[in-house]
Amino acid sequence: SEDVACLNETIQFYNASSQDNSAFWDFGDGSTSIDFSPIHIFSTTGNFEVLLVMENDFGCKDSTTQTIYITEIPQPFFQLNTHEGCAPLEVDVTNQTTGYGVTFFWYFSNGISSMEVNPEPVLFDQGINDTTYQITLGVVNLCGASYYQDSVLVHASPVANFGISPESNCTP
């Protein structure tokens, strides 16, 4: 399994080596420590190879490395194929969210919701008047949650209808 932590989060490194040895840590980001079980904060995202070197009083050494992936709160974003049209209006949503281990929550304010990465096209019906529908994308991962919102304006379509009234002065 991959070791993952969040940007600017305090990470406790646990040293399972013999306690009567000295420790040297290289966190792969230019920082080091000689604490036996240090804490560290990564200030950039990416993969970091963490090195632990243990040394006893006789100068005998052993080392091990482990890669840790540092990620951040996902950045939600989506594009719509249209922002306005006549009812019924079908809208395609293109998800362009970036992030690691993201869960998606779509709310279309027309009674439809989805947890898909890329939801199916959404149909917006007309109201009595022109109606603005809010589309909200909520994203969450181990680092936190974030939201992005856009809207669609659906114009009420006219209702065509007619009747006839025969002239009453005609005789059969």
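Treat the numbers as computed from the prediction; the structure is a model and nothing was measured.

Draft legend 1. Looking closely at the sheet that holds strand E3 (residues 22-26). Taken in spatial order, the five strands of this open sheet run E1-E7-E6-E3-E4, and their pairing is mixed. Every interior strand has two partners, whereas the edge strands, strand E1 (3-6) and strand E4 (32-33), have only one. Two strands pair when backbone bridges link them, and E3 and E4 are joined in this way by two bridges, in the antiparallel orientation. Bridge pairing in E4 links Trp25 to Ser33.

Draft legend 2. A look at the nonpolar core. In terms of nonpolar packing, the biggest core is built from 18 residues, with Trp106, Phe124 and Ile135 touching the most fellow members. Of all the secondary structure elements, the ones that give two or more residues to this core are strand E8 (78-80), strand E10 (89-91), strand E12 (103-107), strand E14 (122-124), strand E15 (131-141) and strand E16 (144-155). Aside from chain neighbours lying at most four places away, what touches Phe124 is Ala87, Pro88, Leu89, Val91, Phe108, Asn110, Tyr133, Ile135 and Val154. In this structure, Trp25, Phe27, Phe48 and Leu52 belong to the second largest nonpolar core, which totals 14 residues.

Draft legend 3. Structural context of the pairing of strand E7 (residues 61-71). Two strands pair when backbone bridges link them, and E1 and E7 are joined in this way by four bridges, in the parallel orientation. Among the inter-strand pairings, Asp3 is bridged to a residue of E7, identified as Ile68. Summarising the sheet, strand E6 (residues 46-55) and E7 pair through 10 bridges and their orientation is antiparallel. Looking at E7, one finds that Val50 is bridged to Gln66. Hairpin remark: E6 followed by E7, antiparallel, with five residues in the connecting loop; positive phi at Gly59, about 85°.

Draft legend 4. Broad picture of the sheet that holds E16. Within the open sheet, the five strands sit side by side as E9-E16-E15-E12-E13. Their pairing is mixed. The open sheet terminates on both sides in strands that have one partner only, identified here as strand E9 (84-86) and strand E13 (113-114). The pairing of E9 with E16 spans three bridges and is parallel. Within E16, the residue paired with Cys86 across the bridge is His155.

Draft legend 5. Just the state of the cysteines, in detail. Under the definition given, this model contains one disulfide. A sulfur-sulfur separation of 2.0 Å characterises the disulfide bridge that pairs Cys6 with Cys143. Between Cys6 and Cys143 the disulfide shows an S-S torsion of about -100°. By sign, it is left-handed. Taken together, the positions of Cys6 in strand E1 and Cys143 in the loop between E15 and E16 put the pair 137 residues apart, joining distant regions of the chain.

Draft legend 6. Quick look at the side chain of Asn95. With respect to the helices, strands and loops of the structure, Asn95 is situated in strand E11 (residues 93-95). At 2.7 Å, the side chain of Asn95 and the side chain of Thr97 are in polar contact. Of the polar contacts made by the side chain of Asn95, one reaches the backbone oxygen of Val117; its length is 2.7 Å.

What counts and how
Residues numbered from 1 in each chain as written. Predicted model: local features only at pLDDT ≥ 70, side-chain atom pairs only at ≥ 80, totals over all residues. Heavy atoms only, no water. Pairing = 2+ DSSP bridges. Helix = DSSP H or I, 4+ residues; strand = E, 2+ residues; numbered from the N terminus. Core = buried A, V, L, I, M, F, W, Y, C linked by side-chain atoms within 4.5 Å. Buried < 20%, exposed > 50% of the residue type's maximum accessible area, 1.4 Å probe, protein only. Contact = heavy atoms within 4.5 Å. Disulfide = S-S within 2.5 Å. Polar contact = N/O pair within 3.5 Å; in protein donor to acceptor, adjacent residues only side chain to side chain.

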